[in-house]
Amino acid sequence: MSTSIHRYLSLGAGVQSSATLLLAARGEIPTFAAAVFADTGWEPAAVYDHLDRLERIAADAGIPIVRVSAGHIRADAIDPKHRFASMPLFMLGPNGERGMARRQCTSEYKIKPIKAEVRRRLGYPHPRRVPAGVVADMTIGISVDEIGRARDADVGYMRNVFPLLDLGWQRSDCVAYLERHGLPGTPKSSCLGCPFHDDGFWATLKADSPAEWADAVAFDAAIRHGSARANADGHPLRGQFFLHRQRVPLDQVLLRPRPATADVDMPGCGPWTCPHPGDTTTDSTTGPTPVREVA
């Protein structure tokens, strides 16, 4: 196996990746040539504020934070001229069928732009072939309570590494570490209108960020019959689509946040840690249900 001279961090700006960046900035794990943040353009304001904090800390440690983008996911979804990578919207079929749309957004808006940046930094941007033996270590902030999400890279020029697993850290260890070093209140990273949000997120957004809540409500209404592109092409998708698993308009959902003592915690949506089919979500009306995707 070749030894990589390129070391990068996949920075989602959530708890685990923030802790990983801070560990490197403080010299407790090897440093990075760059931390790469894939910006969908629609993160909550709290995430962008936190990212600004991380940039100041990383700059002092000589670690550049690079923001890459494949577009603005919200704008693309409602632009009839843009090919839209589908979100895992909750579906209500014409005969009452319940399911979820196929998810492509994480791949299109997070993983692909990160891979493109890695290839560029290796000196082999697409479509140039990356020679065998040219490998970048991609550090991913996965803690032991999410070990099931630790996967090998699916391309030969990247090798995924997981320092939090080596340290034996859980998410709570990351939170405590961030708080000890002046980064309390690290938010979860995910799109503002991600269908995987639980009722606690929606209730907090509605109470504390009315402008962002209104933005999500407007988007939910705009995608009721699929993306604008699907409608413009004359082939509207079957059924109706919703951001919330209750499959009613977002501003009509009866929000039932879990108690603060609940031990079910849906992770944020980092590039390699977005919830997958088979993961558990919590339906505020029926309890825990497996995530299932349908075409």
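The name given to the chain in an unreviewed UniProt entry is Phosphoadenosine phosphosulfate reductase, and the organism recorded there is Dactylosporangium cerinum.

Thoughts on the nonpolar core
The biggest cluster of nonpolar side chains holds 29 residues, and the ones touching the most others in it are Ile73, Trp202, Trp213, Phe219 and Leu250. Among the elements that line this core, the one with the most residues is helix α8 (residues 210-222), at four residues. Apart from residues lying up to four places away in sequence, Phe219 is in contact with Trp42, Arg74, Ala77, Ile78, Met87 and Leu243. Ala35, Leu51, Trp169 and Leu183 belong to the second largest nonpolar core, which has 26 residues in total.

Re empty space enclosed by the protein
Within this structure, the stated rule accounts for three cavities of 30 Å³ or more. Each pocket or cavity is described by its volume, and for the largest cavity that value is around 240 Å³. What lines the largest cavity is a set of 20 residues, and nearest its centre among them are Gly14, Gln16, Gly141, Gly270 and Thr273. Sort the elements by how many residues they give to the lining of the largest cavity and helix α1 (residues 15-25) lands first, with three residues. Its residues placed into classes, the lining of the largest cavity shows seven nonpolar, 10 polar and three charged. Size it by volume and the second largest cavity reaches roughly 110 Å³. Cys105, Thr106, Cys191, Cys194 and Cys269 are the residues nearest the centre of the second largest cavity, which is lined by 16 residues in total. No other element matches helix α4 (residues 105-122), which puts four residues into the lining of the second largest cavity. Taken together, the residues that form the lining of the second largest cavity break down as 11 nonpolar, three polar and two charged.

Notes on the state of the cysteines
Inspection of the entire model under this criterion finds zero disulfides. Not part of a disulfide, Cys191 finds its nearest cysteine sulfur in Cys194, a span of 6.6 Å.

Side note on the pairing of strand β1 (residues 6-10)
Counting buried positions along β1 gives four out of five residues, so the element sits mostly inside the fold. Sheet topology places β1 next to strand β6 (residues 136-140); five bridges connect them, and they run parallel. Each residue of the ladder has a partner; that of Tyr8, found in β6, is Met138. Of the pairings in the sheet, the one linking β1 to strand β2 (residues 34-38) comprises three bridges and is parallel in character. Its bridge partner lying in β2, Leu9 is registered against Ala35.

Details of the packing of aromatic side chains
Per the stated rule, a full pass over the model turns up four aromatic pairs. Centre to centre, the rings of Phe201 and Trp202 are 5.4 Å apart; their planes meet at 80 degrees, and the pair counts as edge-to-face. Judged by its relative accessible area of 23%, Phe201 is partly exposed. Measuring from centroid to centroid gives 6.2 Å for Trp202 and Trp213, while their planes differ by 70 degrees, and the two rings are edge-to-face.

Observations regarding the side chain of Asp220
By the element assignment, Asp220 lies in helix α8. The exposure class assigned to Asp220 is buried, which follows from its relative accessible area of 1%. A distance of 2.9 Å separates a polar atom in the side chain of Asp220 from the backbone nitrogen of Leu243.

Quick notes on the packing of α1 against helix α2 (residues 45-60)
For any two helices packed against each other, the geometry comes down to the angle between their axes and how far apart the axes lie. Relative to each other, α1 and α2 sit at 15 degrees, their axes nearing to 10 Å. Between α1 and α2, the angle falls in the class roughly parallel. With respect to the hand of their crossing, α1 and α2 are arranged in left-handed fashion. The residues of α2 that touch α1, namely those facing Ser18, Leu21, Leu22 and Ala25, are His50, Leu54, Ile57 and Ala58. Here the residues of the contact of α1 with α2 are counted per class, giving six nonpolar, two polar and no charged.

Quick look at unusual backbone geometry
Geometrically, the link from His126 to Pro127 is a cis peptide bond, its omega value of 10 degrees lying close to zero. Within the fold, Pro127 resides in the loop between α4 and β6. One non-glycine residue, Ala13, lies in the positive phi region at around 75 degrees. Considering the arrangement of structural elements, one finds Ala13 in the loop between β1 and α1. Phi angles above zero are rare outside glycine, and Arg247 is one such case at about 60 degrees. If you trace the backbone, Arg247 turns up in the loop between β8 (240-242) and β9 (280-283). What makes Arg247 buried here is its relative accessible area of 10%.

Reading the values: the criteria
- Residues numbered from 1 in each chain as written.
- Predicted model: local features only at pLDDT ≥ 70, side-chain atom pairs only at ≥ 80, totals over all residues.
- Heavy atoms only, no water.
- Core = buried A, V, L, I, M, F, W, Y, C linked by side-chain atoms within 4.5 Å.
- Buried < 20%, exposed > 50% of the residue type's maximum accessible area, 1.4 Å probe, protein only.
- Helix = DSSP H or I, 4+ residues; strand = E, 2+ residues; numbered from the N terminus.
- Contact = heavy atoms within 4.5 Å.
- 1 Å grid on protein atoms, 1.4 Å probe; cavity = no way out; pocket = protein on both sides within 12 Å on 5 of 7 lines; lining within 4 Å.
- Points joined across faces, edges and corners; volume = space filled by probe spheres on them.
- Nonpolar A, V, L, I, M, F, W, Y, C, P; charged D, E, K, R; others polar.
- Disulfide = S-S within 2.5 Å.
- Pairing = 2+ DSSP bridges.
- Phe/Tyr/Trp six-rings, centres within 6.5 Å; stacked < 30°, edge-to-face > 60°.
- Polar contact = N/O pair within 3.5 Å; in protein donor to acceptor, adjacent residues only side chain to side chain.
- Axes fitted to C-alpha atoms, helices over the stretch in contact; angles between N-to-C directions.
- Parallel < 35°, antiparallel > 145°, perpendicular 65-115°, else oblique.
- Left-handed = near helix turned anticlockwise from the far one by under 90°.

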